[in-house]
Each structure stands twice: as structure tokens, then as C-alpha cells.
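Residue-level structural notes
Letter by letter, the chains look like this.
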Amino acid sequence: MPPVTSADAPEPFSDFSDIDGFLRIPRLGSVAAGPDGRVVAAIQEADEPGARLVSSLWELDPDGEHPARRLTFSEKGERGPRFASDGSLLFTSARPDPLGEDDEDSAAIWRLPRIGEARLVASTPGGLELLAIADDGTLLAATGVLPGATLEDDADRRSSRQDAEQTTIWHTGMPIRQWDHELGDSERHLVLVSPDGDLTDLTPDAGTLPLHAASADLSPDGSTVATSWTERVRGGETRSSLVLIDTATSERTTLLAAGDAAEYHDPRFSPDGTRLALIRSTLSGPTDTSYSRLEIHPLGGGDPNVVDPGDLTVSEFAWTPEGTLLVTGDLHSSGAILSVDAATGAVRELVTGGVFSSLAPAPDGSVIALCSDIATPARPVRIAVDAAVRELPAPGAVGRLPGTVEWVEADVDGVAVGGWLCMPESASASSPAPFMLWIHGGPHASYNAWSWRWCPWLAVERGYAVLMPDPAMSTGYGDTGLNRGWPRRPDVVYRECEALFDQELARPELDGSRTAMLGASFGGFMANWIAGHTDRFDAIVTHAGLWALEQQHRTTDAAASKMRVHRHEDEDPQWYRAFSPHRSVGAITTPMLITHGNRDYRVPISEALRLWWDLVSTWDGPPETMPHRFLQLTSENHWVQTPSNALAWNRTVLAFCDQHVLGADRVPDALPW
């Protein structure tokens, strides 16, 4: 391993015409705070060919006075830093063991002491994911095990299966997929790792389903695991309860049983082990979306405190060493951190003015976190006891932007609908800018932070103005905002977005004769629906968009919730007739760019394939004059994560818009990227 080095402070990135350079900006993934005041961050960077993002660990100066120092160097990368109580740093990596004790090419747990080399702690053939650390150094981790195998014979079974090139999966119910991988080819088990590295399987009988998406925590004394536990119920549905596991006996007891109204997840033990914070989520239906409630349960008995965060949509929470619960999430097109008294549930606002993540309370009462906004990628910050926020030096800073950002609002049916308007420096009354409308995914999401996948500044650099609204069903506006427009009404969302779009078009600096509309996931569904209901845009870009809802609702990995909400088309034919985009294919005249990943199980590639067929087969002109295009991303999932694919995607999207909005040269049939 090379020696630890100090990072030179490079000039912040500011050339947004260089898309490859943009995609090579270091990205902050997470931060951790140690018991002795140390701060470590996981930072991702693209490898030389742009084939993948590789994460390494960097030590940051908690006082914000010195540059970051890189701590780890390996081709496989390191992620998930966590400090043990002795000050050593634990992380996950598939790096080779220099002592030759482990030759598996799977993620293992490593320990980096304050001084010295990193050493392997534990490994399994199915890989280890570090979940929690007890005060005595005992670790809780998750691993994959072949169905019917044990930790002891899993390696042999995997070898036999691989040698035979066997790829069969035996299914006995739903679900069978999640996000971008199959379920059923392995089981997820929870294992205890002793300070000496010995492994104990706490859930040898777990099976395929119960822990496949479980969130779990280990009590400070190492005696108890709290975890979500998922079971099948009738109608292809599942429910997640909250169970406790005795680490000495592996005995499970149900703390909170899921029912028809709610289920439980994300348990977090308080530092003294007497309380458990968790999320109770209601089940969505045709008239109400799912609502998440943060609860603090006393483990000795008694009623829970239900935290009222106001309009904040909770995304993350963490205990301070003193036993206060810190909560963060989306709030009013931005974010906040709230401080919650565990005994009473009383809430006070700690800090606002950014979207915060990776909360890492420090021993001195300060909080280390990542903070982002529309104009700033995630940066490490230290939030002092008096709520003063100070950025810590780290790679990945962005400098001068190619335009300005402004919050704008319009009154739509008595509701204030807002959005971020990004304007290019070149826009003026004498040279108005072409105008893009971007609609976010989710639909429970918010345009409130920096995005590496959908960065408006690449378009602004090219001269476009970009409007990013927070319409109905956006997060950060309370239960009312989440449910407005439910169940996923594109007409409600478009009315709000179009009203704000038209209001801003009154500005002389914007050109209403040159416009485009873009969206992904739910935003892609919106793009597909809008294409069949208006010809006002010169180009439409749809990524991972839903097209034929009778088909998508049954083939998505989230089929149970989709069918629960929208029901069979015979039960609600009016909704499907009005809102399934494929029913309006004959009305589409706007040039459309379809982009989709083959490994997308949330919105399967079948949606793009059917949309593409419908567009191509109904084009009544010569084939060479058809304006629609399809960029297929055969190795990507719901997102575009590979840097080289993201480069091709961004260039294609902008070139397609340039052609149809600006009148630029036709995008070549064989793309040069």
C-alpha cells in the first residue's frame, strides 16, 4: 500500500462544457466520525477508462484548516467507513488479502488501525456488508448464502454451481426481483462477527424473502439484534414486521407485527440500549399514499413517542452519544436537521439551508454530515453545537457555475407550486434562452439537491434555461403534498408544472418557441403521457418511463404495491384509459428520445421496447424521416451509473435537444461516443 499522502487542493471544477471532466469530479459518498474526533469520508472517482466508480477513504480535518489525506489505495476500492470504539476504522472492500488468508473476490470487512496497515477481519463467499458495531467490538453484518447452504458449506456449493454453469432459480411466491438483481439465487443472512473474527449465523433458517431488503441494528452491549422481517401474505403481497434476535441463542421474538395498515423498518438502538427508533409506514391504496412515521419505542415497556417533523419528509436519523435523536430529510425544496428529545418526542430545528445526509454525530456534540443544494454537490460539513455550519476541505469542489439559480412560485388552484429556475448567463431580452421543463421521478421526490445523473448545469452551459418544479406528490411538503394528485395523476402534476412553466415564459429572457420536456422514472411516465396530450414542446426525452400501465404494474419488482393502488384495469377502467400513455400513441407528433437500461426491474425494459415499437410501427412517413430515437443501455439499471455510459447518455440527450429545439445538425445514426 502506498504511503498516506496529503491531497493537493485542485482548482474547483467549472468547465461544464467538458462532460467527461464533469463525470470525473470526485463524489462524496458518506462520512464517519470517530470517538477521538477523527473524520473519514468515502469518495468515489471514475477509473481511467470510465468503466466504474471506485471508492477510497480519505481523512478530513474536523477543524476545516488542512486538506484531506487519502488513507486507502486499491483497485477494488473501499466503502462504508465506520469507527469502532477503540478508534480503529472498519470498512468494506473486495481488495485481495496481502497475507493470502482469503482469495475470494467478494466484499469483506477490514480494519485500519490508527497506525499501521489494514487487516482482514472477516470474509464469506457471499460477501459481507457491515451493519453495526457493539461497544465491545462485536460486529453485525449481512451475507449471501445459497439456498439450503450453511456458512460452512456455501463455498463448495457455489463452486459446484459455477462449474456446472447452473443458473436456475426456484420461485415459490412474489417478489422475484429487486431493483437490478434476481431474488432466490441466494439468501440474505445476518451474521455476528466476534472481535476475534469468528462468524455466527444468527438467521440460518431465514430463507429467500425475510431479510432480502432488511434494515438491522445491533444493541450497544451486543446482546440483541433488531431487524425488519418480511413475510408473504395473500394476493402476492408481503409485510415487514420488526423482530428482536437474541445473539446468544438466535431466538427471535416479534416486537411489532405488521398488519393490513402498516409495516416497520429502519430500527436504531439508542446509545444506552433502552430505546429503539424506527419507521412505521402505512400501506398505500387507491385514495391515500404511504405515510412514514418516526417512532421511539421504550424497550422496557410503555407507549412510543411518535415524532412530528412537520412538513419534513424523513430520510435518515441517527442517535447522538448523549441520546438525542437527529433527524434529516426534505423540507420545502431544501432540507433540514431536527433534534428530537427521546423522552418526550419534542422537536426543535437544528439547522436548515441544504439537504443533509450521512449524519455522523461526534463526541464533542458537533455533527459531521454531507450537505448539498441545487448549485453544490454533496460537501462534508461540521455543524457545531451552536448550529454554525463549516465546510471541511475535500476533493470534488465545484466552482463558478455557468448561470444563476432562483426559486420561483406560481399559484395553481390555490396551491403555491414552486421550482428552481436555472438561467444561463447568455440569456437576455435580445437573446432569449430556449427553455426546458424537467419533471422529477418518484413521484415522492424533490428537486432540492445536486444530481450527478440529471445535472441542469450541463444544459445551462449549452444555453438552455431549465425549470425543475416540485409539483403534487413531492416530498418536503407534509402529508398533504404527498397525497395531492394521488394516485399518480399525471393531469394534476402536468397542470401544476405547466402553470409554473407558462408563468416564467412571460420573462423576455426566455423563448417559448424553443422548448423541451425531460423526465425519468415517474418523470419518464410524465414525458410519455405529455407526448400524447400536447404538441407544445419541440423535443421530449423519456428515461425509464412507464408506457403501458396494464403491463408495467404486473412486471415491475414493485408489482404488489402498484396493483394494490391502481387495481386491475377492469376495476378502474377510467383511470387506465385516461392515464396509461400508450393509449394516446396516435396523438404523438413531438420527436421523442427514449433511453432505458436492460437491468431496470423497477420499470422493466419491456416498457421501452413497447414504446419504441408503437412509435416506429405507427410512423407513416419514410423510415429515414422518423424523428424518434432509442438509446439502449444494456448494462444499466434504473439509473445510468457507469461513467462512460453517463457520458454517452448526456451527449445524446443534449445533441437530440440541440437538433430539435435549436435546429442543430441531425444527430448521426452512428453516435461517435
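Residues numbered from 1 in each chain as written. Predicted model: local features only at pLDDT ≥ 70, side-chain atom pairs only at ≥ 80, totals over all residues. Heavy atoms only, no water.

**Brief notes about the overall build of the protein chain**
As a reminder of what qualifies: Under the scheme used here, helices are H or I runs from DSSP no shorter than 4 residues and strands are E runs no shorter than 2 residues, and both carry numbers assigned from the N terminus. Restricting the calculation to C-alpha atoms gives the radius of gyration, and the globule rule supplies 2.2 Å times the number of residues raised to the power 0.38. Only protein chains enter the calculation, and the probe is 1.4 Å; a residue is then buried if its accessible area is under 20% of its type maximum, exposed if over 50%, and partly exposed in between. Any two residues whose heavy atoms approach within 4.5 Å are treated as being in contact.
Looking only at helices and strands, one finds 11 helices and 39 strands in the protein chain. Here the C-alpha radius of gyration of the protein chain, 25 Å, is about what a compact globule of 673 residues would show, namely 26 Å. The principal-axis extents of the C-alpha atoms in the protein chain amount to approximately 70 × 60 × 55 Å. Relative to its full complement of 673 residues, the protein chain shows a buried share of 55%. When contacts within the protein chain are restricted to residue pairs at least 6 apart in sequence, those whose partners lie at least 24 apart make up 55%.

**Side note on the sheet that holds strand β15 (residues 199-201)**
Picture the strands of a sheet paired through backbone hydrogen bonds; they go either parallel or antiparallel. The line we're drawing: Criterion used throughout: strands pair if DSSP finds at least two bridges between them. In this analysis an axis means a line fitted to C-alpha atoms, helices contributing only their contacting stretch, and an angle means the value between N-to-C directions, from 0 to 180 degrees.
In spatial order, the strands read β10-β11-β14-β15; together these four strands make up an open sheet with antiparallel pairing. On the outer flanks of this sheet lie β10 (128-133) and β15, each paired with one strand and no other. Put simply, the sheet's adjacent strands are angled 35 degrees from each other on average, direction ignored. Across three bridges, strand β14 (residues 187-193) lies against β15 in antiparallel orientation.

**Here we look at the packing of aromatic side chains**
Counted only if it meets this: Ring geometry is summarised as follows: Phe, Tyr and Trp rings, the Trp one being its six-membered ring, pair when their centres sit within 6.5 Å, and such pairs are stacked at plane angles under 30 degrees, edge-to-face over 60 and tilted between the two.
Tallied over the entire structure, the rule returns 18 aromatic pairs. Geometrically, the ring pair formed by phenylalanine 435 and phenylalanine 501 is stacked, given 4.4 Å between the ring centres and 10 degrees between the ring planes. Note that phenylalanine 435 is positioned in strand β34 (residues 433-439) and phenylalanine 501 in helix α5 (residues 490-504), a separation of 66 residues in sequence. For phenylalanine 501, a relative accessible area of 1% gives the class buried. Look at tryptophan 575 and phenylalanine 579: their rings are 5.6 Å apart centre to centre, the planes differ by 70 degrees, and that puts the pair in the edge-to-face class. Here the residue tryptophan 575 and the residue phenylalanine 579 both occupy positions in helix α9 (residues 573-579), the gap between them amounting to four residues, near one helical turn. Residue tryptophan 575 shares its accessibility class with phenylalanine 579, and that shared class is buried.

**Looking at the pattern of salt bridges**
Put simply, the rule reads: Here, a salt bridge means any Lys or Arg side-chain nitrogen found within 4 Å of an Asp or Glu carboxyl oxygen.
One pass over the full model with this rule turns up 36 salt bridges. Where aspartate 180 meets arginine 599, a salt bridge forms, and the shortest distance between an N and an O atom there is 3.8 Å. One end of the pair, aspartate 180, is in the loop between β12 (177-178) and β13 (181-182); the other, arginine 599, is in the loop between β38 (592-597) and α10 (606-618), with 419 residues separating them in the sequence. A residue is classified by how much of its surface remains accessible, and aspartate 180, at 18% relative accessible area, is buried.

**Structural notes on the pairing of strand β19 (residues 252-256)**
The pairing of strand β18 (residues 238-246) with β19 spans four bridges and is classified as antiparallel. By the bridge assignment for β19, isoleucine 245 is matched with arginine 252. Two successive antiparallel strands, β18 and β19, enclose a turn made up of five residues, where serine 250 displays a positive phi of approximately 65 degrees.

**Digging into the environment of leucine 140**
With respect to the secondary-structure elements, leucine 140 resides in strand β11 (residues 139-145). Placed 370 residues apart in sequence, leucine 140 and leucine 510 show a C-alpha to C-alpha distance of 55 Å.

**A word on the environment of alanine 648**
Following the sequence through the fold, alanine 648 ends up in helix α11 (residues 643-662). For alanine 648, a relative accessible area of 14% translates into the label buried. Note: C-alpha distance between alanine 648 and tryptophan 673 (25 residues apart in sequence) is 5.6 Å. Leaving out residues up to four positions away in the same chain, alanine 648 has contacts with Leu631 and Trp673.

**Examining the pairing of strand β17 (residues 224-232)**
One ladder, built from three bridges, connects strand β16 (residues 216-218) with β17; its direction is antiparallel. Counterpart to aspartate 217 in the pairing with β17 is alanine 226. The antiparallel hairpin formed by β16 and β17 contains five residues in its connecting segment, where glycine 222 sits at a positive phi of about 75 degrees. Two successive antiparallel strands, β17 and β18, enclose a turn made up of five residues, where glycine 235 displays a positive phi of approximately 75 degrees.

**Observations concerning the packing of α5 against helix α6 (residues 522-531)**
Counted only if it meets this: The scheme is simple: roughly parallel for angles under 35 degrees, roughly antiparallel for over 145, roughly perpendicular for 65 to 115, oblique for anything else. The classification used treats Ala, Val, Leu, Ile, Met, Phe, Trp, Tyr, Cys and Pro as nonpolar, Asp, Glu, Lys and Arg as charged, and all other residues, Gly among them, as polar.
It is at 10 Å that the axes of α5 and α6 come closest, and there the two elements cross at 85 degrees. Classified by the angle between their axes, α5 and α6 sit roughly perpendicular to one another. Counting all contacts with α5, which are made through Pro490, Asp491, Val493 and Tyr494, the residues of α6 involved are Phe522, Phe525, Met526, Trp529 and Ile530. Grouping the amino acids of the contact of α5 with α6 by side-chain chemistry returns eight nonpolar, no polar and one charged.

**Details of the confidence of the model for the protein chain**
What counts, and what does not: The quantity called pLDDT is the predictor's confidence in a given residue, expressed from 0 to 100.
Residues at a pLDDT of 70 or more form 98% of the protein chain, whose mean pLDDT is 96. Here residues 1-7 is a poorly scored stretch, pLDDT under 50, and it has 16 contacts once near neighbours within four places are set aside; other chains count.

**Observations concerning the side chain of arginine 95**
Filter applied, for reference: Pairs of N or O atoms are called polar contacts if they sit within 3.5 Å, as long as, within protein, a hydrogen donor faces a hydrogen acceptor (for residues adjacent in sequence, only side-chain-to-side-chain pairs).
Along the chain, arginine 95 turns up in the loop between β7 (89-93) and β8 (108-112). At 2.8 Å, the side chain of arginine 95 and the side chain of glutamate 78 are in polar contact. Those residues in contact with arginine 95 that lie beyond four places of it in its chain are Thr72, Phe73, Ser74, Lys76, Glu78, Trp110 and Ala118.

**With respect to the sheet that holds strand β21 (residues 275-282)**
Across the sheet, which stays open at both edges, the four strands sit in the order β20-β21-β22-β23 with antiparallel pairing between neighbours. Sheet topology places β20 (262-269) and β23 (305-306) at the edges, where each strand pairs with a single neighbour. Sheet topology places β20 next to β21; six bridges connect them, and they run antiparallel. Along β21, the bridge assignment pairs alanine 262 with threonine 282.

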